[in-house]
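Chain and residue survey
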Amino acid sequence: DAGVTQSPTHLIKTRGQQVTLRCSPKSGHDTVSWYQQALGQGPQFIFQYYEEEERQRGNFPDRFSGHQFPNYSSELNVNALLLGDSALYLCASSLDRGVMNTEAFFGQGTRLTVV
Amino acid sequence: AQSVTQLGSHVSVSEGALVLLRCNYSSSVPPYLFWYVQYPNQGLQLLLKYTSAATLVKGINGFEAEFKKSETSFHLTKPSAHMRDAAEYFCAVSNRDDKIIFGKGTRLHILP
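Description of the structure in this document. (Residues numbered from 1 in each chain as written. Chains lettered and ligands numbered in written order. Predicted model: local features only at pLDDT ≥ 70, side-chain atom pairs only at ≥ 80, totals over all residues. Heavy atoms only, no water.)

**Here we look at the packing of aromatic side chains**
Applying the stated criterion to the full structure yields 14 aromatic pairs over all chains. Centre to centre, the rings of B:Tyr25 and B:Phe67 are 5.8 Å apart; their planes meet at 25°, and the pair counts as stacked. Of this pair, B:Tyr25 sits in strand 3 (residues 19–26) while B:Phe67 sits in strand 7 (residues 64–68); the two residues are 42 residues apart in sequence, bridging distant segments of the chain. Accessibility classification places B:Tyr25 together with B:Phe67 in one group, the buried group. Considering the side-chain rings of B:Phe63 and B:Tyr89, the 5.5 Å spacing of their centres and the 45° angle between planes classify their relative orientation as tilted. With B:Phe63 in the loop between strand 6 (56–58) and strand 7 and B:Tyr89 in strand 9 (residues 87–94), the pair connects residues that are 26 residues apart, well separated along the chain. An aromatic cluster is built from A:Tyr35, A:Phe45, A:Phe106, B:Phe34, B:Tyr36, B:Phe90 and B:Phe102, whose rings are joined through pairwise contacts. Here the basic side chain of A:Lys26 rests over the ring of A:Phe105, its NZ or CZ set 4.9 Å away from the ring centre. (Phe/Tyr/Trp six-rings, centres within 6.5 Å; stacked < 30°, edge-to-face > 60°. Helix = DSSP H or I, 4+ residues; strand = E, 2+ residues; numbered from the N terminus. Buried < 20%, exposed > 50% of the residue type's maximum accessible area, 1.4 Å probe, protein only. Lys NZ or Arg CZ within 6 Å of the ring centre and 35° of its normal.)

Written out as structure tokens, the structure is:
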């Protein structure tokens, strides 16, 4: 089992550009959550996808959007990049069981640097 | 609203000494509480989880944590520190296992 895989591992973008990050969940998982971890901070919840729809959203602007595909993989898109978007972006997957999800497994993250 | 406060952004202990990382939470509903570890340039790994069963939770790598409702605390301990325990530790709270609210983290340094 490859666990949660994210691509790319590192990325450098220029202010104003757009970026797409990708996540493949752990085998058998159907729920994907995205987190932003700025340097020296704890991860902050961006949003969660289940059944190809955004189910929950944290306090992030509309520049942050996502998508979940039928195979449960997911993309995080960020438009009009700002220097402050530089961070480690973490994807977590879990299995929705109606009452509570199973344990969330995290990927290694994508390090985004905006210059 | 739920929140987590970790006391001490850096903690140093000698190898073989007791590790104590402090965490206090705020939650309007019975919480699920977690401790995660993050090694340099790595993702997060779950150490242990409290979900309203036993108040003393045992995790991986010899760590454990005790849920104290009266103190709204969930401190992480390990009897004897090893060099390999040097990492960043995050306390987190959720009302399910989905949206997880993390603390700012505590970096644990192990002194030889």
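**Overview of the state of the cysteines**
Tallying each qualifying case throughout the model produces 2 disulfides over all chains. Covalently, A:Cys23 is tied to A:Cys91 through a disulfide, its sulfur atoms 1.8 Å apart. Taking the torsion about the sulfur-sulfur bond, which here is approximately -60°, the covalent link between A:Cys23 and A:Cys91 counts as left-handed. In this pair, A:Cys23 is assigned in strand 3 (residues 19–24) and A:Cys91 in strand 9 (residues 87–94), connecting sequence segments 68 residues apart. Per residue, the accessibility class of A:Cys23 equals that of A:Cys91, and both read buried. With a sulfur-sulfur separation of 1.9 Å, B:Cys23 is cross-linked through a disulfide to B:Cys91. Judged by the sign of its S-S torsion, about -65°, the cystine formed by B:Cys23 and B:Cys91 is left-handed. With a gap of 68 residues between them, B:Cys23 in strand 3 and B:Cys91 in strand 9 connect regions that are remote in the sequence. Here the two residues B:Cys23 and B:Cys91 agree in accessibility, since each one is buried. (Disulfide = S-S within 2.5 Å.)

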